[in-house]
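Reading the structure
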Amino acid sequence: MIIEGPVILVRLPNWLGDTVMTLPALAALRASLPEARIVLVGRFASLLRGQAVADAVLSYPHAQGARSRLGAALRDWRPDTAIVLPNSFESALAARRWGARLRLGYEADLRGWLLTHPLEQPSPRRHQIDEYRQLLEAGGVVSGSGAPVYTLPHNRQAEEEVDVLFKGIGLAPEGKAVGLHLGASFGSSKLWPPAAYGELSAQLGRAGLLPVLLGAGGENETAASVVASAGEVIASLVGRDRLDLLPRLLARLTCLVSADTGVAHLAAAVGTPTVTLFGPTDPRLTSPRGRTAAASLEGRAPCAPCFLERCPIDHPCMRSIEPAAVAGAVLAAVREGRAA
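Okay, so let's go over this structure. Computed from a predicted model, the values in this text were never measured in an experiment.

Here we look at the sheet that holds strand S3 (residues 56-59)
Spatially, six strands are ordered S3-S2-S1-S4-S5-S6 in an open sheet, and the strand pairing comes out parallel. In this open sheet, the two edge strands, each paired with only one partner strand, are S3 and strand S6 (117-120). Taking each pair of neighbouring strands and ignoring which way they run, the sheet shows an average axis angle of 20°. Pairing between strand S5 (residues 102-107) and S6: four bridges, direction parallel. What sits directly across from Leu-104, in S6, is His-117. Against the sheet, helix H3 (residues 64-76) makes contact with strand S1 (7-11), strand S2 (37-42) and S3, and its axis sits at roughly 155° relative to S3, the strand it touches most. Against the sheet, helix H5 (residues 128-138) touches strand S4 (81-84), S5 and S6, its axis set at about 140° to S5.

Structure below.
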């Protein structure tokens, strides 16, 4: 077995969705090495606190000075193994600076020499969840084939805060709310047009559902455009949640509609049905997997999937996804979720 304890460092991915997609692999690691001290290091590591997959979670800072101080602290722990889940050169270099004797990761970005056990990337590429699992299997970890499962740790205060958020926009804490998430961190190429969200909102309302706009504070202008397109007021929590509340908020929804974004993966992991819209990216590689309905609608265009952050033309792939088709997928997901 390549992966050894007693101290195992896991460098998590830099993105929210990718972090959620590590959960099956991390659960397998924990089950295979119950006596080891497993430490997660990553930008969204705090999200995995309370998931029973690690003994400690540490945020990976942006500033180089803070990273150097973290590296010095990790070296003092004398780690036996570092599992490098991102494919970047920087993440492998950091693992080497942490002093890990064994360093396992995919050979990518000219970093093979920094790893003691580089693994060739699958060809053709597999779903991200399966690639994380395959990497740990190469290290000797026995894993299964389950979807990510996120457990909400007990936190009465956080639950009450979510209650206040819902009541503040005139919605019952639990009911028929369908989240419409407007953003995507990757880039504007993933975004569905505001007019399409406006039409979807109207169709969901006619079906007896309650659309709620979601997104970071930077999506306020987009939210205003959606409302203008709809011609009616739409409940909005844009810019009003935060990371530690997000899983609980998503768990209250009847369904979530979004682009290919990390929020969709988190929603699926907490058990909320999802409808995810794909255009420049490939659902075969990053579609959400969950315990309930997880539908993916793929926009059609000769250039898709292009994997570009910004569309150089007029977003034909995303514009080809019709609001009526999304509304139908939402209704089907809601029915399936209620039957589960």
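A word on the pattern of salt bridges
Working definition: two side chains of opposite charge can pair if their charged atoms are close together. In total, this model carries 19 salt bridges according to the counting rule given. Glu-298 is the salt-bridge partner of Arg-284, the closest N and O atoms lying 3.4 Å from each other. Of this pair, Arg-284 sits in helix H11 (residues 283-286) while Glu-298 sits in strand S12 (residues 294-298); the two residues are 14 residues apart in sequence, bridging distant segments of the chain. Look at the salt bridges and you will find they share partners, linking Glu-159, Asp-163, Arg-248 and Arg-252 into a network.

With respect to the sheet that holds strand S8 (residues 210-214)
Pairing between sheet strands relies on hydrogen bonds along the backbone, with the strands arranged either parallel or antiparallel. Here six strands make up an open sheet; going across it, the order is S9-S8-S7-S10-S11-S12 and the pairing parallel. A strand with exactly one partner marks an edge of an open sheet, and here the two such strands are strand S9 (235-236) and S12. Here five bridges tie strand S11 (residues 274-278) to S12, and the two strands are oriented parallel to one another. Bridge pairing links Leu-277 to Leu-297 in S12. Its contacts with the sheet place helix H10 (residues 262-270) against strand S7 (177-181), strand S10 (255-259) and S11, and it is angled at close to 155° to S10.

Here's the deal with the packing of aromatic side chains
Following the criterion strictly, the structure yields three aromatic pairs and no others. For the pair Trp-192 and Tyr-197, a centre-to-centre distance of 4.9 Å together with 80° between the ring planes defines the contact as edge-to-face. Here Trp-192 matches Tyr-197 in class, with each residue buried. Positioned over the ring face of Tyr-60 is Arg-11, at 4.1 Å from the centre of the ring.

Let's talk about the environment of Pro-13
Take Pro-13: it is sitting in the loop between S1 and helix H1 (16-21). Put simply, Pro-13 and Pro-86 are 73 residues apart on the chain and 5.0 Å apart in space, counted from C-alpha to C-alpha. Excluding residues that lie within four positions of it along the chain, Pro-13 makes contacts with Asp-18, Thr-19, Thr-22, Arg-43, Leu-85, Pro-86 and Tyr-132.

Looking at the nonpolar core
One broad trend across soluble globular proteins is that nonpolar side chains are buried collectively. The biggest cluster of nonpolar side chains holds 54 residues, and the ones touching the most others in it are Ile-3, Val-10, Leu-29, Leu-40, Ile-83 and Leu-250. With residues near it in sequence (within four places) discarded, Ile-83 still touches Ile-3, Ile-8, Leu-9, Val-10, Arg-11, Leu-29, Leu-104, Leu-135 and Leu-136. Ranked by size, the runner-up nonpolar core spans 30 residues in total, among them Leu-204, Val-257, Ala-293 and Ala-329.

Description of the packing of helix H2 (residues 23-32) against H5
Angle between the axes and distance between the axes: these two values describe a pair of packed helices. For the pair H2 and H5, the least separation of the axes is 8 Å and the interaxial angle reads 25°. The orientation of H2 with respect to H5, classified from their angle, is roughly parallel. With respect to the hand of their crossing, H2 and H5 are arranged in right-handed fashion. Residue-level contacts link Pro-24, Ala-25 and Leu-29 of H2 to Ile-129, Tyr-132, Arg-133 and Leu-136 of H5.

Parameters and conventions
Residues numbered from 1 in each chain as written. Predicted model: local features only at pLDDT ≥ 70, side-chain atom pairs only at ≥ 80, totals over all residues. Heavy atoms only, no water. Pairing = 2+ DSSP bridges. Helix = DSSP H or I, 4+ residues; strand = E, 2+ residues; numbered from the N terminus. Axes fitted to C-alpha atoms, helices over the stretch in contact; angles between N-to-C directions. Contact = heavy atoms within 4.5 Å. Salt bridge = Lys/Arg side-chain N within 4 Å of Asp/Glu carboxyl O. Phe/Tyr/Trp six-rings, centres within 6.5 Å; stacked < 30°, edge-to-face > 60°. Buried < 20%, exposed > 50% of the residue type's maximum accessible area, 1.4 Å probe, protein only. Lys NZ or Arg CZ within 6 Å of the ring centre and 35° of its normal. Core = buried A, V, L, I, M, F, W, Y, C linked by side-chain atoms within 4.5 Å. Parallel < 35°, antiparallel > 145°, perpendicular 65-115°, else oblique. Left-handed = near helix turned anticlockwise from the far one by under 90°.

Read these as spatial facts, not as claims about activity.
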